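For reference, the chains in residue letters:
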Amino acid sequence: MQRCCGDCCGHWQRRWLISKETFVAYVRPKDGRIHCVMLVDPEFEVFSGAYVSGASNGVVISNLSRQLVLKCWTKRKAKEWQDHVRQLASSEHAKAFIGPNRFTAYAPVRQGIDAEWFVDGASYMSAIADVLQAAHEEILISDWWLSPEIYMKRPIVEGEKWRLDKLLQRKAKEGVKIFILLYKEVNLALGINSFYSKQKLVEQHPENIKVLRHPDHVSAGVFLWAHHEKLVIVDQSVAFVGGIDLCYGRWDDHVHRLTDLGSISAGHKVPGAYHKQMTSSKPYGGDVPSSIFQLAKATHAVTIGTVVHTGLKPIAETSSVSNLNELNETQVTEEEMKTTSAKVSFEENLPNGGTREEFEMEGQIILPEDIENEVLANGVVPLKGETPPTRRKLIRRVTRVTKEIRDATRDLRDDSKGWVNRHLWKRDSKDDGVTSGSDEEREDKLTDDERKGEVKSRIKRSTAPLEHDTVRHTASESTVVGLQGCAKLWIGKDYTNFIVKDFADLDSPFTDLVDRSTTPRMPWHDIGVMVQGFAARDVARHFIQRWNAVKDEKVPLNDSYPYLLPKSYNEMDCFHPTAVTQSSKYKVNCQVVRSLCQWSGGIRMIEESIQQAYIECIENAKHYIYIENQFFITLACSNTQVQNRIGDALLQRILRAHR
C-alpha cells in the first residue's frame, strides 16, 4: 500500500498503485475506483529521492499529461518502485510509445494489420452496425456530430433494429459499456444540437451509456477549434477511422441519388402534370411538379409500372427491369379485351409497410372541377426558373397525357390480342398437324366460340419499352440495394441540402427539413477504414487519453463517469475479430497518426503527425499527387501566421519536378 499526494486535497492519502505494460494508475481502497491513469508516452519518466520529491522515500512519475508524487513506507520501497516502473517503461510494448516514431507520432508502425476500406457511408455504416452488434465488453465512439436516429442499414426492412440509438440501447442492456465523446458546438455558429444527441443517447440506458461533450468554449477559451475526428472502437479490437460521422446526410452510396421521393401515389392527380407525393413532412401527400418528377425518373428514384385491367384481376408490373422477362399471366377473353382499360400504378414501400393507390383511365381522363381547382390553387411552388402552369396549359397537358395513355392502352391491347391468336393457333396446329400459314390464315381458323372467349389463354407481357414516358417502366432506386418498390432511403432530417437550408429542429428527427418535391438532396462522398489488432489498440489508446482528459476537466468528482484503461498488447490473441467479412480484408503495414494538444487531449505538446505524414508523402511523390479533403486551408509560401505547411510542400515538389 502506498501513499500519494493529491493536488486537490493538499494532503497525503492512502492509495493502491497499479502498473501495467503501458500505463500506471492508482486505486482508492475504500471503493476500488481507478484514478490518475498515466499512459506511457515520450516524456514518461520516474525518479526517487528527496531532490525531486521532497522526501527521501518519495517517488515522482510524470508524463505529458501530469505528475504524480508518491511517498512509500521506506526509502528502500521507493527505490524498488522506481526500478519496477523503469523496467515497465523499457518493455517492448511500452518502448513503442516512448519512441521516437515516424512522423513524431504517438504510435509506431504496425506490421501485418488486418484492414478494410470503405467508399461512401452505406458500406461503412453497415460494417459498423455489424461490429457493434457483435460487441462484448465496450464501445467507444467519437464524433463531430452524431444523430441518434440515424439508420445504419438501408433500406429499412427490419423496423428500428439498425437505428443507432436502438442498437446501442440493445447492447447496453446486454451489459456492454458505451462511452461517447461529442464535439460541443458554438450554438451561434452551428445547429447540430449536441445537447439533444447526448440526452437522447443517455436516456436509452443511463447506467451503461455515458456521453461527454467537449470543449466548454467560454471556460476553456476555445472558440476557433473543433474535435473533427470520427472513431468507432469495439472491444479495443476493431476500430473504424475516417471522414464519416454517424449523422444526418452522411449515408450514401456510389449512385449518389439527388432525389428520394419515396412512395409516389397518383390518387386523382394527372400523371405528367402533378403527382401526389407522401413524405414524412407531408403525411397526407403533396403535389410533385413535373420537373422534379422527371429528375426523380432520370435518377431512378421512382418506379412507374403499367397495369392491364382484365375484369378478373390487375396485372401489376412493379418489379425491376431485370424481372420483366418473367411471365405475368392471367385468364382473359376477347370480349374482355375489348373493354380493357389502362391503369398506372405507383408503388409505395414505406419502412413500416406501404399501400398502393391506382387510378383508371376509361377512354379519357375526366378531371373533376374541385380537383382542378385544387391543383391550380394549391400546387407547390415550381422549381426555380419554371413557369407556374396556367389553366390552359394544364388542360393541354391533361389532353396530351390522356392521348398518351389511350395510345399505350391500345398498343397493349393489340399486342395481347395478337399473342392470344398466335398462342391458340399454335395449340390447335399441334392437334391438327398444321405447321405453316400466315397469321391471317391462322386467325381465320379460330372458331366463333374461341373468338367469344370461351377458350382462354395466358398473356405474356411484352418486355419492349413503351414509347410514352408517362407509362414507361423505370428501374426502382431500391433495386440497387436489393428490394423492389420505392422505399425511402433518407427519413426525415436525413434528407438534406446544406446550401438550401441548414439544420434546425433536430429534436423532431422524422420531420423533413426541406421539401423533397422541389429540393434535390446533397450527396455525400467520403471514405473510411477499419483496422484490427495492434492498430485498433492504438486508436483506442487515443480515445482513452482524450476521454480521461475530458473527465478530469469536466466531471473529476463524478464517479458515474469512470476513467478508462487501455487493454494489454500481450493478450491480443484472446480477442478474436468480430463480424467482419474476411474476404474483403487486406494485410497492411500502417501507423495511427493524429492531431492533439493541451485543449483537446490534455498534453503539454502539440502533436501534428497527420501533417508530417502529408508532407513526407508529398515530398516523396514520384508520379502524381491526389488530395481530396473537405477543408483545405494553407499557403504556398512561408508565413508565420499560417502554420499549415501542406501548400508549401506542394509548391516545392512542383518546382523540383519542373527543374
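All values reported here derive from a predicted model rather than from experimental measurement.

1. Some thoughts on the side chain of Thr 22
Part 1: Checked against the element boundaries, Thr 22 lands in the loop between strand 2 (12-19) and strand 3 (23-27).
Part 2: In this view, Thr 22 contacts Met 38, Leu 39, Val 40, Leu 88, His 93, Ala 94, Phe 97, Arg 541, Pro 566 and Tyr 569; residues no more than four positions away in its chain are not counted.

2. Quick word on the packing of helix 4 (residues 121-133) against helix 5 (residues 164-173)
Part 1: The contact between helix 4 and helix 5 brings their axes to 10 Å, and the two run at 20°. Classified by the interaxial angle, the pair formed by helix 4 and helix 5 is roughly parallel. You can see that helix 4 and helix 5 cross each other, and the crossing is left-handed. From helix 4, Ala 129, Leu 132 and Gln 133 reach across to helix 5, where they touch Leu 164, Leu 167, Leu 168, Arg 170 and Lys 171.
Part 2: For the contact of helix 4 with helix 5, the class distribution of residues is five nonpolar, one polar and two charged.

3. Examining a nonpolar patch on the surface
Part 1: Together, Trp 117, Val 119, Ile 527, Val 529 and Tyr 586 make up a nonpolar patch on the protein surface, roughly 490 Å² of accessible area in all.
Part 2: Going through the elements one at a time, strand 8 (109-119) and strand 23 (527-532) are the ones with two or more residues in the nonpolar patch.
Part 3: Structurally, Val 119 can be placed in strand 8.
Part 4: Residue classification places Val 119 among the partly exposed residues on the basis of a relative accessible area of 36%.

4. Side note on the packing of aromatic side chains
Part 1: Considering all chains together, one arrives at 14 aromatic pairs under this definition.
Part 2: Taken together, Trp 145, Tyr 248, Phe 498, Phe 503 and Trp 524 form an aromatic cluster joined through their ring pairs.
Part 3: Positioned above the aromatic ring of Trp 490, the side-chain terminus of Arg 521 is 3.9 Å from the ring centre.

5. A short note on the pairing of strand 23
Part 1: When strand 8 meets strand 23, the two strands line up antiparallel, connected through five bridges. Across the sheet, the residue bridging to Phe 118 is Gly 528, located in strand 23.
Part 2: Relative to strand 23, strand 13 (residues 238-242) is paired through five bridges, and the arrangement is antiparallel. Counted as the bridge partner of Val 238 is Gln 532 from strand 23.

6. Brief notes about the pattern of salt bridges
Two side chains bearing opposite charge may form a pair once their charged atoms approach each other closely.
Part 1: Tallied over the full model, the rule gives 26 salt bridges.
Part 2: Between Lys 79 and Asp 83 there is a salt bridge, with the nearest N and O atoms lying 3.1 Å from each other. Here Lys 79 pairs with Asp 83, and both are found in helix 2 (residues 75-89), just four residues apart, close to one helical turn.
Part 3: As a salt-bridge pair, Asp 245 and Lys 230 come within 2.8 Å of each other at their nearest N and O atoms. In this pair, Asp 245 is assigned in the loop between strand 13 and strand 14 (264-265) and Lys 230 in strand 12 (residues 230-234), connecting sequence segments 15 residues apart. For the residue pair Asp 245 and Lys 230, the accessibility class agrees, reading buried in each case.
Part 4: Connected through shared salt-bridge partners, Arg 28, Asp 31, Arg 33 and Asp 559 make up one network.

7. Re the pairing of strand 6 (residues 58-62)
Part 1: Buried residues dominate strand 6, accounting for five of its five residues.
Part 2: Of the two faces of strand 6, the one carrying Gly 58, Val 60 and Ser 62 and the one carrying Val 59 and Ile 61 are both buried.
Part 3: Bridge count for strand 6 against strand 7 (residues 67-71) is five bridges, and the pairing is antiparallel. Following the sheet pairing, Ser 62 is matched in strand 7 by Gln 67.
Part 4: Here strand 6 folds back onto strand 7 in antiparallel fashion, the turn holding four residues.

Rules behind the numbers
Residues numbered from 1 in each chain as written. Predicted model: local features only at pLDDT ≥ 70, side-chain atom pairs only at ≥ 80, totals over all residues. Heavy atoms only, no water. Helix = DSSP H or I, 4+ residues; strand = E, 2+ residues; numbered from the N terminus. Contact = heavy atoms within 4.5 Å. Axes fitted to C-alpha atoms, helices over the stretch in contact; angles between N-to-C directions. Parallel < 35°, antiparallel > 145°, perpendicular 65-115°, else oblique. Left-handed = near helix turned anticlockwise from the far one by under 90°. Nonpolar A, V, L, I, M, F, W, Y, C, P; charged D, E, K, R; others polar. Patch = residues over 30% accessible without salt bridge, like charges linked within 9 Å, V, L, I, M, F, W, Y side chains within 5 Å. Areas by Shrake-Rupley, 256 points an atom, 1.4 Å probe, with all protein chains shown as cover. Salt bridge = Lys/Arg side-chain N within 4 Å of Asp/Glu carboxyl O. Buried < 20%, exposed > 50% of the residue type's maximum accessible area, 1.4 Å probe, protein only. Phe/Tyr/Trp six-rings, centres within 6.5 Å; stacked < 30°, edge-to-face > 60°. Lys NZ or Arg CZ within 6 Å of the ring centre and 35° of its normal. Pairing = 2+ DSSP bridges.

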